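# Breakdown of the fold
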Amino acid sequence: MKEKVKSHPVKNSLLEDLKLLVKFSVLVANFLPVLAGYILALHFTGQDFQWLDFVLVSFGSTLVMAGALILNNWYDVDIDSVMDRTKKRPTVTGSFTLKQVLTIGVVTTVFGFLMLVFINLETTLYAFIGWFTYVFLYTIWSKRRYTLNTVIGSVSGAVTPLIGWAAVDHAIHIVPLTLFLLLFIWQIPHTFAIAMKKCEEYRAAGVPMLPVVYGFTMTKRQMFIYIAALLPLPLFLTTLGTVFVVIAMLLNIGWIVLAIAGFFVKDDLKWAHWNFLYSVNYLMIIFLLGMITTLPMFR
């Protein structure tokens, strides 16, 4: 049975509470690959844009992802009450009761899946894999036990381009599969950078993130390995055009240079912050650029 957590005195507006409850920035970052997957699938299959499918996959996937994030807030309320970065969440402040949050999370998830079922089962399956991985394998099972929680959790975000693509055609295609792999690898150094920045908060909350258990040096080595693993991936996306491949390769080289610099810097927290910023912009550029390549001028 979950322990009752004391409310924090900070109070937010209803809109701010809702944004924190669904982790709005995370939700937006996860929707972008869904949109990219859908647009790219139309481009490669030559199918016509279908408003109904687009609305269903957009709202359905968003609701499923929001449901998973809400349930994460519900389950992690004890951790969130300790960490400074999460103390304003409505589960901690008491703006919503835990029962209300659980209900909202379940209802949101169900409505999301119902919308996706109207598209096809493949789209629903990928969404379920992401939801199940995030809620059960990451939040409930591994986050409080293993440093590998980061790797396990990465699967949930990586399925997003498959969801978008499957709304148009079967996602067993080199482009969505490569984007899945890119997202899976990307999330690990991205999350490690956050874990380094908030290392002491994770330590206080008892969450065994890699920097907490093995230190910054080991974390930097792991980040370098995963960032290096991104280097060959643009070569599998040559069908997106030379401009995309060149820019993606340059982004990868820039990140690997930043990773190498980490072995020589004196301020680890500042370096981690730069990695975080680089990773966020990297993701945005990659997927926006992928969609831009479908424009007539690049055909």
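Above this text sits the structure in question.
Quick summary incoming for the structure in this document. (Residues numbered from 1 in each chain as written. Predicted model: local features only at pLDDT ≥ 70, side-chain atom pairs only at ≥ 80, totals over all residues. Heavy atoms only, no water.)

Val57, Phe244, Tyr282, Ile286 and Phe287 are the most contacted members of the largest nonpolar core, which has 73 residues in total. Not counting residues up to four positions away in its chain, the partners in contact with Phe287 are Leu32, Pro33, Ala36, Leu179, Leu182 and Leu183. (Core = buried A, V, L, I, M, F, W, Y, C linked by side-chain atoms within 4.5 Å. Buried < 20%, exposed > 50% of the residue type's maximum accessible area, 1.4 Å probe, protein only. Contact = heavy atoms within 4.5 Å.)

On to the environment of Thr86. One can find Thr86 in the loop between helix 4 (77-80) and helix 5 (90-93). Considered as a pair, Thr86 and Asp76 are ten residues apart in the sequence and their alpha carbons are 10.0 Å apart. With near-sequence residues (within four places) excluded, Thr86 lies in contact with Ile79, Asp80 and Val92. (Helix = DSSP H or I, 4+ residues; strand = E, 2+ residues; numbered from the N terminus.)

In this section: the packing of aromatic side chains. For any pair of aromatic rings, geometry is given as the distance between the ring centres together with the angle between the planes. In this structure the tally under the stated criterion is 18 aromatic pairs. Residues Phe49 and Trp51 carry aromatic rings whose centres are separated by 4.8 Å and whose planes lie at 85 degrees to one another, so their mutual orientation is edge-to-face. Classification of Phe49 as partly exposed rests on a relative accessible area of 35%. On the accessibility criterion, Trp51 (62% relative accessible area) is exposed. Following the ring pairs from residue to residue traces out a cluster consisting of Phe113, Phe128, Trp131, Phe132 and Phe136. Across from the ring centre of Phe276, 4.6 Å away, lies the NZ or CZ of Lys197, which sits over that ring. Positioned over the ring face of Trp271 is Lys220, at 5.6 Å from the centre of the ring. (Phe/Tyr/Trp six-rings, centres within 6.5 Å; stacked < 30°, edge-to-face > 60°. Lys NZ or Arg CZ within 6 Å of the ring centre and 35° of its normal.)

It is worth spelling out the pattern of salt bridges at this point. Any two side chains of opposite charge can pair if their charged atoms end up close together. Under the criterion given, the structure shown has eight salt bridges. For Arg144, the salt bridge goes to Asp76, with nearest N and O atoms at 3.1 Å. Here the residue Arg144 occupies a position in the loop between helix 7 (121-142) and helix 8 (149-158), and Asp76 occupies one in the loop between helix 3 (51-75) and helix 4, the gap between them amounting to 68 residues. Residue Arg144 is classed as partly exposed on the basis of its relative accessible area, which comes to 30%. The residue Asp268 makes a salt bridge to Lys220 at a minimum N-O spacing of 2.4 Å. (Salt bridge = Lys/Arg side-chain N within 4 Å of Asp/Glu carboxyl O.)

Attention now goes to the packing of helix 2 (residues 24-45) against helix 14 (residues 268-292). Relative orientation of the contacting elements helix 2 and helix 14 amounts to 20 degrees, with a least axis distance of 9 Å. Between helix 2 and helix 14, the crossing angle belongs to the class labelled roughly parallel. Crossing angle aside, the handedness with which helix 2 passes helix 14 is left-handed. For the pair formed by helix 2 and helix 14, the contact residues are Ala29, Leu32, Pro33, Leu35, Ala36, Ile39 and Leu40 on the first element and Leu283, Met284, Phe287, Leu288, Gly290 and Met291 on the second. Classifying every residue of the contact of helix 2 with helix 14 gives twelve nonpolar, one polar and no charged. (Axes fitted to C-alpha atoms, helices over the stretch in contact; angles between N-to-C directions. Parallel < 35°, antiparallel > 145°, perpendicular 65-115°, else oblique. Left-handed = near helix turned anticlockwise from the far one by under 90°. Nonpolar A, V, L, I, M, F, W, Y, C, P; charged D, E, K, R; others polar.)

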